[in-house]
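Now for the letters of each chain:
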Amino acid sequence: MCNCSCTGEPALSEKDRRLVELLNKYRTVPGVLIPVLQEAQEIYGYLPAEVLQKVARELQIPLAKVYGVVTFYSQFHLKPRGRNIIRVCLGTACHVRGGDKIFAALQKELAVDDGETTTDLRFTLESVACIGACGLAPVIMINHDTHGRLTPEKLTGILAKYE
Ligand code: FES
């Protein structure tokens, strides 16, 4: 038997503690699944299986329904995401100005495909349609920064700014 003052339960991480708080707040509120999933994803950066199980259990919603919602909406992610999200525009204006070459160069440089994350979790690469900066085509966004009039040669220097 343990003689220390612990409760015998494993200590909760800060993230787990925030999830417990979130679930305590919403446990009795009907129709909160999507906002709870959004906040849980804010906490963890994605939605691990254990978190989905806990959400289902605490909100008394079938786990299959929780997965149904998570897989239906593209805003939810079941795998870890990079610290930096690169969105490469493949809309028409960017496409005609070489957006596909930018995308191919990033795939090669990062050794990932569309929607994938580098093994060091530094970058996630995603292709998107027009991001509303067609005058700067070809354009990428890294997190909230827009980088326009790109050439494949400029990419290495840009990526170096993001840890
Ligand atoms: S098509 Fe790329 S920003 Fe509009």
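This is a predicted model, so every value here is computed, not measured.

## Section: the sheet that holds strand 2 (residues 123-128)
Pairing is mixed across the open sheet formed by four strands, whose spatial order is 2-1-3-4. Whereas interior strands pair on both sides, the edge strands pair on one side only; in this sheet they are strand 2 and strand 4 (145-147). Averaged over all adjacent pairs, the angle separating strand axes in this sheet is 20°, with direction ignored. Here strand 3 (residues 140-142) runs beside strand 4; their pairing, made up of three bridges, is antiparallel. If you follow Ile140 over to strand 4, its bridge partner there is His147. The sheet strands contacting helix 6 (residues 99-110) are strand 1 (84-89), strand 2 and strand 3, and the helix crosses strand 1 at an angle near 150°.

## Thoughts on the side chain of Thr124
Mapped onto the elements, Thr124 comes out in strand 2. Here the side chain of Thr124 touches Gly82 through a polar contact of 2.6 Å, landing on its backbone nitrogen.

## Considering the packing of aromatic side chains
By the definition in use, this model includes two aromatic pairs. Cluster of aromatic residues (ring-pair linked, three or more members): Phe72, Tyr73 and Phe76.

## Remarks on the domain arrangement of the chain
Partitioning the chain into structural domains gives domain 1 (14-72) and domain 2 (84-159). Averaged C-alpha coordinates put domain 1 and domain 2 at centres separated by 31 Å.

## Points about the side chain of Thr118
When you line up the elements, Thr118 lands in the loop between helix 6 and strand 2. Given a relative accessible area of 8%, Thr118 falls into the buried group. Within the structure, the side chain of Thr118 is placed 2.6 Å from the side chain of Asp120, a separation counted as a polar contact. For Thr118, the residues in contact, after removing those within four places along its chain, are Leu110, Val112 and Phe123.

Thresholds, definitions, all that
Residues numbered from 1 in each chain as written. Predicted model: local features only at pLDDT ≥ 70, side-chain atom pairs only at ≥ 80, totals over all residues. Heavy atoms only, no water. Pairing = 2+ DSSP bridges. Helix = DSSP H or I, 4+ residues; strand = E, 2+ residues; numbered from the N terminus. Axes fitted to C-alpha atoms, helices over the stretch in contact; angles between N-to-C directions. Contact = heavy atoms within 4.5 Å. Polar contact = N/O pair within 3.5 Å; in protein donor to acceptor, adjacent residues only side chain to side chain. Phe/Tyr/Trp six-rings, centres within 6.5 Å; stacked < 30°, edge-to-face > 60°. Domains from an automatic or database assignment. Buried < 20%, exposed > 50% of the residue type's maximum accessible area, 1.4 Å probe, protein only.

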